[in-house]
Amino acid sequence: MAKQLNVVVWNEFRHEKTKEEVKALYPNGLHAVIKEFLDEDTTLNVRLAALDDPDQGLPDEVLNQTDVLIWWGHKSHKDVSDELTQKIRDRVFLGMGFIALHSGHHSKPFRAIIGTNGNLSWGRNQKEVIWNLMPSHPITKGIPDHFILESEELYSEPFYIPQPDALLFGAWFEDGHIFRAGACFHRGAGKVFYFQPGHETCRSFFNPYVRTIIRNAVHWAAPNETGYEITDECPHLLDKVTDEFSK
């Protein structure tokens, strides 16, 4: 049996407590809805974390055992500590997967990991068509050439991210704007996926294709089995080789 992946779904979990429209959609938090559908995959061990939890939801003993971190943030990016941001960035460089959803494009961890400000243009909720640009990629498995979200917050180019290692999804909105809606990056030994749908007043996390994409992304972003430990230190290669020959 394959090793279970430890997945943490992190959410600010503040909109759901202050806005009735959001509470009606996600009474237990949008992160709880994500956990519900991920729990259907028995290879995943999923836990929830929130900004107002102790240690902002990610104490060292949790973060250091996390294989994939899913991140949703919006109005409280500034409240995430710089110390936690650095720890997440370091964990990604050592192999942890990171998935930023929707307004996570402006989160401290995402910007620290990819190295740019993540700015974009945005507008009213409207119909969105998401196009599958790379049907051979593991994250797009089971996804048709396009699907429609009846209501989602407009995100539009220009989107200030580095050139993606793979651009999986492109979005077209009914106002005519386009957006790079799903992009993959490699940073150090870690893999990063940004996925645009998921505004707190929309039902995108109930869409079966959105759910499949997030589930596929968790498996894609999981750390590789390298057969050796990846560390923060640079080993002295001569000593390493000499040790091997002396066995």
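My aim in this report is to walk through the structure given alongside it, one point at a time.

Quick word on the overall build of the protein
Thinking step 1. A count of helices and strands for the protein gives 8 helices and 9 strands.
Thinking step 2. Computed over C-alpha atoms, the radius of gyration of the protein comes to 19 Å, within 12% of the 18 Å expected from 2.2 N^0.38 for 247 residues, which places it in the range of a compact globule.
Thinking step 3. With the C-alpha coordinates of the protein rotated into their principal frame, the extents come out at 65 × 40 × 40 Å.
Thinking step 4. The buried share of the protein, taken over its 247 residues, is 52%.
Thinking step 5. A fraction of 71% describes how many contacts in the protein between residues 6 or more apart in sequence connect residues 24 or more apart.
Thinking step 6. Of the accessible surface of the protein, which amounts to about 12,000 Å², a share of 52% is contributed by carbon and sulfur atoms.

Observations concerning the layout of surface pockets
Thinking step 1. Space inside the second largest pocket adds up to approximately 170 Å³.
Thinking step 2. Together, His-74, His-77, Ser-103, His-105, His-106, Asn-119, Leu-120, Trp-122, Glu-153 and Tyr-155 line the second largest pocket.

Definitions and cut-offs
- Numbering of residues starts from 1 in each chain and follows the order in which that chain's sequence is written.
- Local features in a predicted model are, by the rule used here, given only for residues with pLDDT of at least 70; side-chain atom pairs are given and counted only at 80 or more, and totals for whole chains, interfaces and linings are based on all residues.
- Each side-chain value is worked out from all heavy atoms of the structure, with water and hydrogens disregarded.
- Only DSSP runs of H or I with at least four residues qualify as helices, and only runs of E with at least two residues qualify as strands; both kinds are numbered from the N terminus onward.
- For the radius of gyration, the atoms used are the C-alpha atoms, and the globule rule reads 2.2 Å times the number of residues raised to 0.38.
- We call a residue buried when its accessible area falls under 20% of the maximum for its residue type, exposed when it is over 50%, and partly exposed in between, using a 1.4 Å probe and counting protein chains only.
- Contacts were defined at the residue level, with two residues in contact if any of their heavy atoms lie within 4.5 Å.
- Accessible surface area values rest on a Shrake-Rupley calculation with a 1.4 Å probe, where residue burial reflects the displayed protein chains alone.
- Lining residues are those with an atom within 4 Å of a point, where the points come from a 1 Å grid over the protein atoms alone and group into cavities, where a 1.4 Å probe fits but cannot get out, or pockets, open sets with protein on both sides within 12 Å along at least five of seven lines.
- Grid points are joined across faces, edges and corners, and a volume is the space filled by probe spheres set on the points.

These results come straight from atomic positions and should not be treated as a statement about function.
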